[in-house]
Amino acid sequence: MKLYIDSADFEELSNLKNSPFVDGVTTNPLLIAKGMKKSEVGDGEYFEYLQKIRKLSPGELFIQLASSERDSAVYEIAKIRELIRWPVVIKVPATPDGFYAIAKLSKEGIASAATAVFSPGQACLGLAAGAKYIIPYYSRIEQMEQGKGLDVINEIMRITSPDRLLVASIKTEQDFCILLKEGVKNFTVPYSLFCEMGKNSNTEMAVANFAENLKVNWSRRRK
């Protein structure tokens, strides 16, 4: 199983920088805009921000293109290759133009992910184009398909390897566990859910009880 944090917030990424169970970071233009606290920036400032995220993420870094125009996207990819330390995965929305871009990236040996996937058909086209990962939005599908999000995820899993499926838009611990039971191996979740899943009041009470029942005065301490 692989776990990624869906964030572009420096404080959140710093808190998880050395966590052995975090395999990387996924970002998108909305998350970066929130992290930078502005919606319009120069390209130099944008790439500098990505470089700072890279320093906080030793694993795979997923970068979604900020540009939807073909020429600008080509420029952006070239600058990412030049300025950002790899491994990097380029996230491309699952649209007709997006599948074209994924195919081009694949031919150039650049790892990509078809993101914002809502249907098995989009997953098929993403795979055909050469995407390394397929990223469906579970909670959004669940809302749009009136509770059939799990059915859609299962259909996608029938046509692709679980290793190439990275499920996003997971809102609760229950969602996470349901998907895990169904065979999903790769997840990207918000920082808040990482924190929620790692805490339990009963565990904290048990730890406090352990400490009350045994106190050791250590004669040697590491400096």
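Up top is the structure.
Before going into details, it helps to say that this report is about the structure given with it. Within each chain, residue numbers correspond to sequence positions counted from 1 in written order. Totals for whole chains, interfaces and linings use all residues, but because this is a predicted model, local features are given only for residues with pLDDT of at least 70 and pairs of side-chain atoms are given and counted only at 80 or more. Only hydrogens and water are set aside; all other atoms, that is, all heavy atoms of the structure, feed into the side-chain values.

## Observations regarding helix α9 (residues 173–182)
The buried label applies to any residue whose accessible area, calculated with a 1.4 Å probe on protein chains only, is under 20% of its type's maximum; exposed applies above 50%, and partly exposed to all values in between. Going along the chain from the N terminus, every DSSP run of H or I of four or more residues is numbered as a helix, and every run of E of two or more is numbered as a strand. If you check which residues of α9 are buried, you get D175, F176 and L179. What you see down the axis of α9 is that its buried residues fit within an arc of 100 degrees, all on one side. Exposed side of α9, more than 90 degrees from the buried face: Q174 and K181 are the residues found there. When checking whether two residues touch, look at their non-hydrogen atoms; a contact exists if any pair is within 4.5 Å. The inward-facing, buried residues of α9 abut β1 (2–6), α7 (138–144), α8 (149–159), β7 (166–167), β8 (186–189) and α10 (191–197). Backbone geometry just after α9 places G183 at a positive phi near 110 degrees. The arc under discussion is defined with respect to the helix axis, by the directions toward the C-beta atoms.

## Regarding the pairing of β8
Of the two faces of β8, the one holding N186 and T188 and the one holding F187 and V189 are both buried throughout. Sheet analysis places β7 next to β8, joined by 2 bridges and oriented parallel. Paired with V167 across the two strands is F187, which belongs to β8. Look down the strands so they point away from you; if the path from the first strand over the helix to the second goes clockwise, the crossover is right-handed. For the crossover from β7 across α9 to β8, the handedness is right-handed. DSSP calls a pair of strands paired once it identifies at least 2 bridges connecting them.

## Here's the deal with the side chain of E76
Position of E76 among the secondary structure elements: in helix α4 (residues 70–83). Here the positive residues are Lys and Arg and the negative ones are Asp and Glu; neither His nor the chain ends is included. Here, a salt bridge means any side-chain nitrogen of Lys or Arg that lies within 4 Å of a carboxyl oxygen of Asp or Glu. Although E76 is buried, it makes no salt bridge; K91 carries the closest opposite charge, 12 Å away. For the purposes of these results, a polar contact is taken to be a pair of N or O atoms within 3.5 Å, where, inside protein, one atom must be able to donate a hydrogen and its partner to accept one; residues adjacent in sequence count only when each atom of the pair is a side-chain atom. Among the polar contacts made by the side chain of E76, one reaches the side chain of Y46 at a distance of 3.0 Å. Setting aside residues no more than four positions away along its own chain, E76 makes contact with Y46, F47, Q64, L65, A66 and S67.

## Details of the packing of aromatic side chains
Here the aromatic set is Phe, Tyr and Trp, taking the six-membered ring for Trp, and pairing holds for ring centres within 6.5 Å; pairs whose planes are under 30 degrees apart are stacked, those over 60 apart are edge-to-face, and all others are tilted. Going through the model one piece at a time under the given rule, you end up with 7 aromatic pairs. Between Y4 and F62, the ring centres sit 5.3 Å apart and the planes meet at 80 degrees, which makes this aromatic pair edge-to-face. With a gap of 58 residues between them, Y4 in strand β1 and F62 in strand β3 (residues 60–64) connect regions that are remote in the sequence. Members of the aromatic cluster, connected to one another through ring pairs, are Y4, F62 and Y133.

## Some points on the sheet that holds β7
Judged by pairing direction, the sheet is parallel, and its 8 strands sit side by side in the order β6-β5-β4-β3-β2-β1-β8-β7 without closing on themselves. In this open sheet, the two edge strands, each paired with only one partner strand, are β6 (133–136) and β7. Axis lines are fitted through C-alpha atoms, for helices just across the contact stretch, and the angle between N-to-C directions can take any value from 0 to 180 degrees. Sitting on the sheet, helix α3 (residues 43–56) is in contact with β2 (24–26), β3 and β4 (88–93), with an inclination near 155 degrees to β3.

## Points about the pattern of salt bridges
Scanning the model with the defined rule gives 6 salt bridges in all. Notably, a salt bridge pairs E60 with K132, separated by 3.0 Å at the nearest N-O pair. Taken together, the residues E60 in strand β3 and K132 in the loop between α6 (120–129) and β6 connect sequence positions 72 residues apart. Judged by relative accessible area, E60 falls into the buried class, the value being 10%. When its relative accessible area of 37% is taken as the criterion, K132 is described as partly exposed. K185 is paired through a salt bridge with D163; the nearest N and O atoms lie 3.8 Å apart. One end of the pair, K185, is in the loop between α9 and β8; the other, D163, is in the loop between α8 and β7, and 22 residues separate them in sequence. Here D163 falls in the partly exposed class, since its relative accessible area comes to 46%.

## Some details on the side chain of S169
Along the chain, S169 falls in the loop between β7 and α9. On the basis of relative accessible area, S169 is assigned to the buried category, the value being 11%.

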